[in-house]
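Residue-level listing of the chains:
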Amino acid sequence: MDYIISIMPSLITGAKMTLILFFWTLIVSIPLGIIVSLGLLSRFKPLRLILKFYIWIMRGTPLLLQLIFIFYGLPIIGIIFQRYDAALFAFILNYTAYFAEIFRGGFQSIPVGQYESARVLRLSYWQTLSHIIIPQVSKIVIPSIGNEVINLVKDTSLVYVIGLGELLRAGNVATARDVTLVPLVIVGIIYLMMTGIASFLLKKIEHNFAKWK
């Protein structure tokens, strides 16, 4: 127990970085995902092609490769990011693409009659989206969004590759220094706690949306 107590400060510091990265990725990528999904449904073909190419790249290459490319590759052409900024930028780009595809499917599942009814009521395009379409889409996509949220908690461990001091890196450092697996076991427990809390909150949200008919 004395050893566990001695390594907890570094693990908690790493967990804070993990949660910060998780929080800001969600806050930024979900709204961007909605915007990109609307672009995918746009009648402007060049915009659709550009967004489809972006999503193809983001979903077709590993997030780890994207992290390495942004932090180590872009400086070659003069674009330099700090470690945290590189990680956040990569995560936002990646998860925006996944959320965009989820929301695109949600928007396409809404019957055309919903839009026609809104026009009859003389609602503007943005009023239709905000008051009629997006609330329905949100209910539809919550299970898929929940899966991505759980994946995001675990994917934050990838930032160790660019030397960012998150939870897994803190555990690896303690394991290598003290030649014991105890830090990694504690790291696993912390990840289980975070994913468990996220799952619980998502089930609550899904239950609340299920009341909407």
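Above this text you will find the structure in question.
This text gives an overview of the structure that appears in the document. Keep in mind the model is a prediction, meaning the values are calculated, not measured. The numbering scheme is per chain: residues are counted from 1 as the chain's sequence reads. Selection of residues for local features in this predicted model requires a pLDDT of at least 70, selection of side-chain atom pairs for listing and counting requires 80 or more, and totals for whole chains, interfaces and linings are taken over all residues. With hydrogens and water excluded, all non-hydrogen atoms of the structure serve as input to the side-chain values.

**With respect to the overall build of the protein**
- Helix numbering and strand numbering both begin at the N terminus, where a helix is a DSSP run of H or I of at least 4 residues and a strand a DSSP run of E of at least 2. Helix and strand counts for the protein come out as eight helices and zero strands.
- Along the protein, helices and strands appear, N-terminal first, in the series α-α-α-α-α-α-α-α.
- Counting only C-alpha atoms and orienting by the principal axes, one finds that the protein spans roughly 70 × 45 × 20 Å.
- Each residue is placed in one exposure class: buried if its accessible area under a 1.4 Å probe, protein chains only, is under 20% of its type's maximum, exposed if it is over 50%, and partly exposed if it falls in between. Within the span of the protein, comprising 213 residues, buried residues form 38% of the whole.
- Contacts were defined at the residue level, with two residues in contact if any of their heavy atoms lie within 4.5 Å. Taking as baseline every contact in the protein between residues at least 6 positions apart, the subset at least 24 positions apart corresponds to 76%.
- Total accessible area computed for the protein in this model is approximately 12500 Å², and 70% of it derives from carbon and sulfur atoms.
- Across the protein, the centroid of the 18 positively charged side chains sits 12 Å from that of the 9 negatively charged ones. Exposure was quantified through the Shrake-Rupley algorithm and a 1.4 Å probe, taking into account, for residues, occlusion by the shown protein chains and nothing else. Under this rule, positive means Lys or Arg and negative means Asp or Glu; His and the chain ends count for nothing. To locate a charge, take NZ of a lysine, CZ of an arginine, CG of an aspartate or CD of a glutamate.

**Topic: the packing of aromatic side chains**
- When two rings of Phe, Tyr or Trp (its six-membered ring) have centres within 6.5 Å they constitute a pair, described as stacked for plane angles under 30 degrees, edge-to-face for angles over 60, and tilted for the intermediate range. A full pass over the atoms with the stated rule returns seven aromatic pairs.
- A ring pair is formed by Phe71 and Tyr72, whose centres lie 4.8 Å apart and whose planes are at 80 degrees; its orientation type is edge-to-face.
- Tyr72 gets classed as partly exposed once you look at its relative accessible area, which sits at 45%.
- A ring pair is formed by Tyr95 and Tyr98, whose centres lie 6.4 Å apart and whose planes are at 45 degrees; its orientation type is tilted. Of the two residues, Tyr95 and Tyr98 both sit in helix α4 (residues 83-108), three residues apart, roughly one turn of that helix.
- Following the ring pairs from residue to residue traces out a cluster consisting of Phe91, Tyr95, Tyr98 and Phe99.

**Quick look at helix α7 (residues 167-178)**
- Relative to the 16 Å expected for 12 residues at 1.5 Å per residue, α7 spans 17 Å between its end C-alpha atoms, a close match to the ideal helical length.
- Val179 sits one or two residues past α7 and shows a positive phi near 50 degrees. For a helix, the expected span equals 1.5 Å multiplied by the residue count minus one.

**Re the pattern of salt bridges**
- For this analysis, a salt bridge means a side-chain nitrogen from Lys or Arg found within 4 Å of a carboxyl oxygen belonging to Asp or Glu. Counting across every chain of the model gives two salt bridges.
- Here Glu101 ties to Arg59 by a salt bridge, and the two come within 3.3 Å at their closest N and O atoms. You can see Glu101 sitting in helix α4 and its partner Arg59 sitting in helix α2 (residues 45-60), a full 42 residues away along the chain.
- Owing to a relative accessible area of 19%, Glu101 belongs among the buried residues under this scheme.
- The salt bridge partner of Arg104 is Glu101, with a shortest N-O separation of 3.1 Å. Note that Arg104 and Glu101 are positioned in helix α4 at a spacing of three residues, about one turn of the helix.

**Topic: the nonpolar core**
- Nonpolar cores were defined as sets of buried Ala, Val, Leu, Ile, Met, Phe, Trp, Tyr and Cys residues, with membership established by side-chain atoms within 4.5 Å. Residues Leu11, Phe91, Phe103, Phe107 and Leu167 are the most contacted members of the largest nonpolar core, which totals 48 residues.
- When sequence neighbours within four positions are dropped, the list of residues in contact with Leu11 reads Leu167, Ala170, Gly171, Pro183, Ile186, Val187 and Ile190.
- Formed by eight residues, the second largest nonpolar core is a distinct cluster that contains Val36, Ile55, Met58 and Ala100.

**Quick look at α2**
- Between its first and last C-alpha atoms α2 spans 22 Å; for 16 residues at 1.5 Å apiece the expected length is 22 Å, and the two agree.
- Of the surrounding secondary structure, the elements contacted by the buried residues of α2 are α1 (2-40), α3 (63-73) and α4.

**Quick word on a nonpolar patch on the surface**
- The patches reported here contain residues having more than 30% relative accessible area and no salt bridge. Joining distances are 9 Å for like charges and 5 Å for nonpolar side chains (Val, Leu, Ile, Met, Phe, Trp, Tyr). Taken together, the side chains of Ile20, Phe23, Trp24 and Ile27 define a hydrophobic patch exposed on the protein surface, amounting to about 380 Å² of accessible area.
- Its location among the elements puts Ile20 in helix α1.
- For Ile20, a relative accessible area of 39% puts it in the partly exposed group.

**Some details on the environment of Lys52**
- Take Lys52: it is sitting in helix α2.
- Taking relative accessible area as the criterion, Lys52 reaches 48% and is therefore assigned partly exposed.
- Considering only alpha carbons, one finds Lys52 and Ile80, 28 residues apart in sequence, at a separation of 26 Å.

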